[in-house]
Amino acid sequence: MSALEPRDAAVAAEPIAPPSELQGGVLRAPYRALSFGIVSVVLLIAFEATAVGTAMPVAARELDGLSLYAFAFSAYFTTSLFGMVLSGQWADRRGPLGPLAAGIAGFAAGLLLSGTAGAMWMFILGRAVQGLGGGLVIVALYVVVSRAYPEHLRPSIMAAFAASWVVPSVVGPLVSGTVTEHLGWRWVFIGIPVLVVAPLALALPQIRLRAAGPVSEASAGPFDRRRIRLALGISLGAGLLQYAGQELRWLSLLPAVLGAAVLVPSVLGLLPRGTYRASHGLPSVVLLRGIAAGSFIAAESFVPLMLVTQRGLSPTMAGLSLAVGGATWALGSFVQSRPAMEPHRTRLTVVGMLLVAAAIATAPTVLIDAVPVWIVAVAWAFGCLGMGTVIGSTSVLLLRLSPPEDAGTNSAALQISDGLSNALLLAVGGAAFAALGGGMVGAGHGAGEANGSHPGAFVAVFLPMAAVALVGAWVGTRLKERAA
């Protein structure tokens, strides 16, 4: 979801499953309860993402925070960066149970804080708390997969993760839009934490049984304080850059320079050497993950706002325009998980990134009144198909190239690339959006009313992200390690 051969260390460390386990899949004993539990956790995160994205335009408008619209998304990714590194350290040294439980609790607390916010900055703070919890959860889940499943089952569980987005992608926008229009956007946030109890009850006992504790005594040492400091540097630097991008004043150059000075060395210290040179093998896997996720999420965050304010769609219809993408994302993940695709994985990621670039470039054509709105749904279906192949492939490659004792650290690096790219590209897109008058888009209008002004603000978000996705297609050609 590899044409790459695993490292010798990874091969040597790979647990050999009993014959009875080799005959079954992720839903056969002894994996059934664990699979249902962790997929339920992903289902919760998926429902939150689709529901919150639909409610966000209304929330930002009611809290008088349209100029900070991108910040409401990027704050999540900024704090999740620190959560990812902390989770990687925690999971490698103590096992994934602790960071997973703490992450789910933080995720729920952030939703409650945003749902009760009386001002946009309080709403953003809630998103930040939610991001910290999400960062803890996502890396812990990767470590669970690495420890609890043999290698031949990992593509299947990654495909199950992707498939768990299908129902939320279809139902989430409809439920969120209906709740937003009839009860208010706050209930979208306040209602989701109720779903936390079931995944905890199902997943945690199985994780304690199959994946608890350190891999070995050697890996059970104290936390690497240097990596923790670097993680704080990434979060602080990304936050300063986002703040500078939102303010758009000459004085903003100071936090921008300070943010870059803190961010760059922190990133270089946490990602594999050669990541930003797109070196062959693991560095390019990590880089491709960031490029794919950042360009796609930065663009997708503005799709509902564009449809609501420029074409007059209701929040429900704007969200549903992206709903089919959940099914095609799962399809892409399923396709890449098939054994027949293994020899073609590099080509598959390149094609996937080309689909992403084409989808992002097509979306702003709906700013032209003569272009039917359904074009966005079609384009996003193809873009999500590409994302399913790319995200699934980078996840599997990361685990194959990581010995068990480094699974948490390397999973954190993959997720840092993902989250950092999301935060930075959202900041860039948000700054361009605000500079071209995006903060006034839809001002004073109801949820279903269009305001045709400032279409250039949206174009300034989508076209650069399409160019970034094209760069990702080139990086996809460098996933194979060079022969020694």
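Novice: If you had to explain the packing of aromatic side chains to someone new, which residues and values would you point to?
Specialist: Evaluation of the coordinates by the stated rule reveals seven aromatic pairs. Measuring from ring centre to ring centre gives 5.3 Å for Phe-123 and Phe-189, while their planes differ by 80 degrees; the resulting arrangement is edge-to-face. Here Phe-123, found in helix α6 (residues 120–148), pairs with Phe-189, found in helix α9 (residues 186–191); they are 66 residues apart in sequence, far enough to count as distant. Note on accessibility: Phe-123 and Phe-189 belong to one class, buried. Look at Phe-433 and Phe-458: their rings are 5.1 Å apart centre to centre, the planes differ by 65 degrees, and that puts the pair in the edge-to-face class. You can see Phe-433 sitting in helix α19 (residues 407–435) and its partner Phe-458 sitting in helix α20 (residues 455–475), a full 25 residues away along the chain. Take Phe-433 and Phe-458: they sit in the same class, and that class is buried. Chaining the aromatic ring pairs together yields one cluster made of Phe-123, Trp-185 and Phe-189.

Novice: Go over the packing of helix α13 (residues 282–300) against helix α17 (residues 345–362), please, and point to the residues and values.
Specialist: Contact geometry for α13 and α17: axes closest at 10 Å, N-to-C directions at 20 degrees. The pairing of α13 with α17 is recorded here as roughly parallel in orientation. Considering how the two elements wind past one another, α13 and α17 form a crossing that is left-handed. Contacts from Leu-288, Ile-291, Ala-292, Ser-295, Phe-296 and Ala-299 of α13 reach α17 at Thr-349, Met-353, Val-356 and Ile-360. When grouped by side-chain class, the residues that make up the contact of α13 with α17 number eight nonpolar, two polar and no charged.

Novice: Tell me what's going on with the pattern of salt bridges, and back it up with residues and numbers.
Specialist: Evaluated as defined, the whole model comprises one salt bridge. Of the charged contacts in the structure, one is a salt bridge between Arg-289 and Asp-418, with a shortest N-O distance of 3.1 Å. Taken together, the positions of Arg-289 in helix α13 and Asp-418 in helix α19 put the pair 129 residues apart, joining distant regions of the chain. Comparing Arg-289 with Asp-418 shows no difference in burial state: the two are buried.

Novice: Please give an account of helix α4 (residues 69–94) that cites residues and values.
Specialist: Compared with the 38 Å implied by 1.5 Å per residue over 26 residues, the 38 Å span of α4 between its first and last C-alpha is a close match. The sharpest bend along α4 reaches about 25 degrees and sits at Ser-80. Extensive coverage of α4 is indicated by the burial of 23 of its 26 residues.

Each value, and the rule that gives it
Residues numbered from 1 in each chain as written. Predicted model: local features only at pLDDT ≥ 70, side-chain atom pairs only at ≥ 80, totals over all residues. Heavy atoms only, no water. Phe/Tyr/Trp six-rings, centres within 6.5 Å; stacked < 30°, edge-to-face > 60°. Helix = DSSP H or I, 4+ residues; strand = E, 2+ residues; numbered from the N terminus. Buried < 20%, exposed > 50% of the residue type's maximum accessible area, 1.4 Å probe, protein only. Axes fitted to C-alpha atoms, helices over the stretch in contact; angles between N-to-C directions. Parallel < 35°, antiparallel > 145°, perpendicular 65-115°, else oblique. Left-handed = near helix turned anticlockwise from the far one by under 90°. Contact = heavy atoms within 4.5 Å. Nonpolar A, V, L, I, M, F, W, Y, C, P; charged D, E, K, R; others polar. Salt bridge = Lys/Arg side-chain N within 4 Å of Asp/Glu carboxyl O. Expected span 1.5 Å × (residues − 1). Bend = angle between axes of the 7 residues up to and from the residue.

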